[in-house]
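Notes for the structure review
So the chains spell out like this:
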Amino acid sequence: MTQSLTIRRPDDWHLHLRDGAMMEAVLPETARHFGRAIVMPNLVPPVVTGADAAAYRDRIMAALPADMRFEPLMTLYMTEDTDPADVRAAAQSGLIRAVKLYPAGATTNSASGVTDFDKITAVLDTMAEIGLPMCVHGEVTTPDVDIFDREAVFIDTVLDPLRRRHPHLRVVMEHITTQDGVDYVRDGGDTIGGTITTHHLIINRNHILVGGIRPHYYCLPVAKRETHRLALVDAATSGEASFFLGTDSAPHTDALKEQACGCAGVFSATNTMSCLAEVFEAAGALDRLEAFASRNGPAFYGLPVSDETLTLTKGDPVDYPAKIEGAADLVTVFDPGFPLHWSVS
Ligand code: NCD
Ligand code: ZN
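Below or above, wherever it landed, is the structure these notes cover. Residues take numbers from 1 onward in each chain, read along the sequence in its written order. For naming, the first written chain is A and the first written ligand is 1, with later ones following in the order written. Local features in this predicted model are restricted to residues whose pLDDT is 70 or higher, and side-chain atom pairs enter the listing and the counts only when it is 80 or higher, whereas totals over whole chains, interfaces and linings include all residues. Excluding hydrogens and water, the side-chain values take into account all heavy atoms of the structure.

Structural notes on helix α11 (residues 289-301)
To keep it simple, the criterion reads: Under the scheme used here, helices are H or I runs from DSSP no shorter than 4 residues and strands are E runs no shorter than 2 residues, and both carry numbers assigned from the N terminus. By this rule the span expected of a helix is its residue count minus one, scaled by 1.5 Å. Bending is quantified residue by residue as the angle between axes fitted to the seven-residue window ending at that residue and the seven-residue window starting at it. The classification of residues rests on relative accessible area computed with a 1.4 Å probe and restricted to protein chains. Under 20% of the type maximum is buried, over 50% is exposed, and intermediate values are partly exposed.
Counted at 1.5 Å a residue, the expected span for α11 with its 13 residues is 18 Å, and the 18 Å between its end C-alpha atoms agrees. The sharpest bend along α11 measures roughly 45° and falls at arginine 295, with the proline proline 298 sitting one to four residues further on. The element α11 is largely enclosed, with a buried count of 11 among its 13 residues. Considered for burial, the residues of α11 that qualify are Leu289, Glu290, Ala291, Phe292, Ala293, Ser294, Asn296, Gly297, Pro298, Phe300 and Tyr301. Once α11 ends, the next one or two residues include glycine 302, with phi positive near 70°.

Concerning the pattern of salt bridges
How we decide: When a carboxyl oxygen of Asp or Glu lies within 4 Å of a side-chain nitrogen of Lys or Arg, that pair is called a salt bridge.
Here the structure, examined in full by the defined rule, presents 16 salt bridges. Across the salt bridge formed by glutamate 308 and arginine 9, the nearest N and O atoms sit 3.1 Å from each other. Of this pair, glutamate 308 sits in the loop between α11 and β10 (309-314) while arginine 9 is found in the loop between β1 (3-8) and β2 (12-15), placing the two residues 299 residues apart along the sequence. The exposure class assigned to arginine 9 is buried, which follows from its relative accessible area of 8%. Across the pair lysine 100 and glutamate 174 runs a salt bridge whose closest N-O atoms are separated by 2.6 Å.

Quick word on helix α3 (residues 84-92)
Heads up, the condition is: Our arc is simply the arc of the directions from the helix axis toward the C-beta atoms. When checking whether two residues touch, look at their non-hydrogen atoms; a contact exists if any pair is within 4.5 Å. Whenever a nitrogen or oxygen atom comes within 3.5 Å of another N or O atom, the pair is scored as a polar contact, on the condition that within protein one atom can donate a hydrogen and the other can accept it, and that pairs from neighbouring residues in sequence are kept only if both atoms are in side chains.
Listing the buried residues of α3 in full gives Val87, Ala90 and Ala91. Summarising the axial view, the buried residues of α3 lie within an arc of 100°, below the 170-degree limit, and thus occupy one face. Along its buried surface, α3 packs onto α2 (50-63), β4 (71-77), β5 (96-101) and α4 (121-130). Its side-chain oxygen placed 3.0 Å from the backbone nitrogen of alanine 85, aspartate 83 serves as the N-cap of α3. Remark: glycine 94 follows α3 within two positions and exhibits a positive phi of approximately 85°.

Structural notes on the site of ligand 1
To be explicit about the condition: Each residue is tested against the molecule or strand, and it is near if at least one of its non-hydrogen atoms lies within 4 Å. We get accessible surface area from the Shrake-Rupley algorithm with a probe of 1.4 Å; when it comes to residues, only the shown protein chains can shield them. Throughout, the protein atoms alone are placed on a 1 Å grid, and a set of points is a cavity if a 1.4 Å probe fits but cannot get out or a pocket if it is open with protein on both sides within 12 Å along at least five of seven lines; lining residues have an atom within 4 Å of a point. If over half the atoms of a molecule are within 2 Å of the grid points of a cavity or pocket, the molecule is regarded as sitting in it. Residues are grouped as follows: nonpolar covers Ala, Val, Leu, Ile, Met, Phe, Trp, Tyr, Cys and Pro; charged covers Asp, Glu, Lys and Arg; every other residue, Gly included, is treated as polar.
The local shell around ligand 1 holds 14 residues, among which Arg18, Thr107, Leu220, Asp248 and His252 are the closest. Its free accessible area being 310 Å², ligand 1 has 100% of it covered by the protein chains. More than half of the atoms belonging to ligand 1 lie within 2 Å of the grid points that define the largest cavity. The residue inventory of the shell around ligand 1, partitioned by class, reads four nonpolar, eight polar and two charged.

What about empty space enclosed by the protein?
Any empty space left between atoms is shown by rolling a water-sized probe over those atoms. Our working rule: Grid points are joined across faces, edges and corners, and a volume is the space filled by probe spheres set on the points.
Throughout the structure, instances matching the rule amount to three cavities of 30 Å³ or more. The computed volume of the largest cavity comes to approximately 120 Å³. Taken together, 17 residues make up the lining of the largest cavity; nearest its centre are His16, Thr107, Leu220, Asp248 and Ala250. The residue inventory of the lining of the largest cavity, partitioned by class, reads six nonpolar, nine polar and two charged. Approximately 70 Å³ is the volume attributed to the second largest cavity. Lining the second largest cavity, in full, are His216, Ala250, His252, Lys257, Gly265, Val266, Phe267, Val331, Thr332, Val333 and Phe334. Among the residues making up the lining of the second largest cavity, the classes are represented as six nonpolar, four polar and one charged.

A word on the coordination of the zinc ion (ligand 2)
Put simply, the test is: Note on donors: an N, O or S atom is included if it sits within 2.8 Å of the metal, or within 3.2 Å for Na, K and Ca, and water is never included, so sites can look incomplete. By the criteria applied here, four donors are tetrahedral when all angles lie between 85 and 135 degrees, four are square planar and six octahedral when opposite donors are over 155 degrees apart and every other angle lies between 65 and 115, and any other arrangement is irregular.
Looking at the zinc ion (ligand 2), one finds its protein donor set to be His14 (NE2), His16 (NE2) and Asp248 (OD), positioned 2.0 Å from the metal centre. The site at the zinc ion (ligand 2) holds four donor atoms, and with the angles between them running 91 to 140°, its shape is irregular. Binding-site remark: the zinc ion (ligand 2) is held by donors from one chain whose sequence spacing is H-x1-H-x231-D. Histidine 14 gets classed as buried once you look at its relative accessible area, which sits at 1%. Since its relative accessible area comes to 7%, histidine 16 is described here as buried.

A word on the packing of helix α1 (residues 20-31) against α2
The criterion, for reference: The convention used is that axes are lines fitted to C-alpha atoms, helices contributing only their stretch in contact, and that angles between N-to-C directions extend from 0 to 180 degrees. Should the near helix be turned anticlockwise from the far one by less than a right angle, the crossing is termed left-handed; should it be turned clockwise, right-handed.
Their axes nearest at 9 Å, the elements α1 and α2 cross at an angle of 65°. Crossing handedness for the pair α1 and α2: right-handed. Two secondary-structure elements touch here, α1 through Met23, Glu24 and Leu27 and α2 through Tyr56, Arg59, Ile60 and Ala63. Looking at the contact of α1 with α2 residue by residue, the classes come out as five nonpolar, no polar and two charged.

Brief notes about the packing of helix α10 (residues 272-282) against α11
Going by this rule: Any angle that is under 35 degrees is reported as roughly parallel, and any over 145 degrees as roughly antiparallel; angles of 65 to 115 degrees are reported as roughly perpendicular and all others as oblique.
Running from N to C, α10 and α11 cross one another at 140°; their axes reach a closest spacing of 9 Å. The angle between the axes of α10 and α11 places the two elements in the oblique class. Note on element contacts: α11 touches α10 through Leu289, Phe292 and Ala293, opposite Met273, Leu276, Ala277 and Phe280. A breakdown of the residues in the contact of α10 with α11 according to their chemical character gives seven nonpolar, no polar and no charged.

As structure tokens, then:
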């Protein structure tokens, strides 16, 4: 018996496309399935102004294969010097769809992030006024906080006080990894949404550490214990409007991942939809995959749902490449650790 599922074409609400040769390698992996993606601004140097975002968008569109339809949704990287007038103009022209807040030092290429949150008050006021969402990497970076506690501590000491100071600001808590993150988003009303990655629905911290260290499962925020993964699956498969897909697909070459100090990031663009179908099927929630991947995100961002569709068909295990050719080196594709039976047709 063939089983198939047709949903509105999905979008990815948190994606790293990089630049140059790496972007050319990974862009088709996303554009094959996804109609739009919120494109992270953590290039070196970061995308900080409207002019930077316009130039980056043009480079993405120039790298897009002619037979693919894809719309990059641009973001700015918040710094302590971000100019509210530039943010307003870039948002009002439709160029940018969010501003990304990285606490300084939280993750890959976040050295220009924010240390003194008082310095961004005027930008946040502007964003609240015009309804422009702030995407936030929700981890504290203080060295005395254990890496597995950084998300929960961020909620209590940074995010919640900030949202009380700016109650109308729309916030996306990105790549939530804990029950605490799920609860905070779920109870936070309609000004907060949470994205969940493919890999955090599938791996817990044992997958990274048991039987040998697996650098391709290392990302930030780091995967937590199994109870947290189960909370994420529950949230993603609930159909609740607050939760939507943000793969955080973040390519690094194998050489950079497989070394004494390996980079953080999981590359999952290639097989995300097949992985998600397995997760949702196992949870008895295939009928809610469309809400998570295609409907809740556009609703939060005030954008229309795609008028295209994507069909998944269940059959023999799907062949997908273990690695793709990246910029002068290979990039390993996320290995869910089980066969994938749903293919995108
Ligand atoms: C991201 C990257 O490589 O740019 N890495 C990651 O582990 N997720 C940065 C980020 O989103 O934190
Ligand atoms: Zn990311």
